[in-house]
Amino acid sequence: MTILRRSCGYSKVDKEDPEEVSRRRAQFLIYKVLVQADSRRKPSFIRIRLCKLKIKIGKRLRKLRKSMLVSISAARIAFYKQLITQLTTWKRFFGQGETIASLPPLFN
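The structure displayed is predicted, hence computed values, not measured ones.

K.L.:
Explain the overall build of the protein chain residue by residue, including any values.
P.N.:
Looking only at helices and strands, the protein chain has three helices and zero strands in total. Out of the 108 residues belonging to the protein chain, those deemed buried represent 0%. Accessible surface computed for the protein chain: about 12,200 Å², of which carbon and sulfur atoms make up 63%.

In structure tokens, the structure reads:
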């Protein structure tokens, strides 16, 4: 009976050492990286030129955005200055809190 059971049953496999598992995993990852490095082709001249052009355009856009922000803030400051001078002119024109004619109170 015991002979029949052993022939059909699974043999017990020893557990693997954790160091061995991590070592095998590291070897597999190294192999995978090496295969990817081999499969990569040399970047073409057009692709390199395109990448440099993208960088150049990005720098110009950043510069343009910066200059626009500066000019907008300068325009805003100029507008506020003009508004304040107008207000001071109107204040001087209408007097500083003085009324032109004193009106009688409506309800007495």
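K.L.:
Would you mind going over the packing of aromatic side chains in detail, with residue names and values included?
P.N.:
Counted under the stated rule, the structure contains one aromatic pair. With centroids separated by 5.9 Å and ring planes inclined at 55°, the aromatic side chains of Phe79 and Tyr80 adopt a geometry described as tilted.

K.L.:
Which residues make up the pattern of salt bridges, and what values do they have?
P.N.:
For the coordinates displayed, the defined rule picks out one salt bridge. One salt bridge in this structure joins Glu20 and Arg23, with 3.6 Å as the shortest N-O distance. Of this pair, Glu20 and Arg23 both sit in helix α2 (residues 18-39), three residues apart, roughly one helical turn. A relative accessible area of 47% means that Arg23 is categorised as partly exposed.

K.L.:
Account for a positive patch on the surface, naming residues and giving values.
P.N.:
Among the surface-exposed residues, Arg49, Lys52, Lys56, Arg60 and Lys63 lie close enough to one another that they form a single positively charged patch. Tracing the backbone through its elements, the reader meets Lys52 in helix α3 (residues 45-94).

K.L.:
How would you explain a nonpolar patch on the surface if you had to name every residue and give the values?
P.N.:
The grouping of Phe79, Tyr80, Leu83, Ile84, Leu87, Trp90, Phe93 and Phe94 at the surface amounts to a nonpolar patch, some 940 Å² of accessible area in total. You can see Trp90 is positioned in helix α3.

About the cut-offs
- Residues numbered from 1 in each chain as written.
- Predicted model: local features only at pLDDT ≥ 70, side-chain atom pairs only at ≥ 80, totals over all residues.
- Heavy atoms only, no water.
- Helix = DSSP H or I, 4+ residues; strand = E, 2+ residues; numbered from the N terminus.
- Buried < 20%, exposed > 50% of the residue type's maximum accessible area, 1.4 Å probe, protein only.
- Areas by Shrake-Rupley, 256 points an atom, 1.4 Å probe, with all protein chains shown as cover.
- Phe/Tyr/Trp six-rings, centres within 6.5 Å; stacked < 30°, edge-to-face > 60°.
- Salt bridge = Lys/Arg side-chain N within 4 Å of Asp/Glu carboxyl O.
- Patch = residues over 30% accessible without salt bridge, like charges linked within 9 Å, V, L, I, M, F, W, Y side chains within 5 Å.
- Lys, Arg positive; Asp, Glu negative; His and termini not counted.
- Charge placed at Lys NZ, Arg CZ, Asp CG, Glu CD.

Honestly, it's all geometry; don't read function into it.
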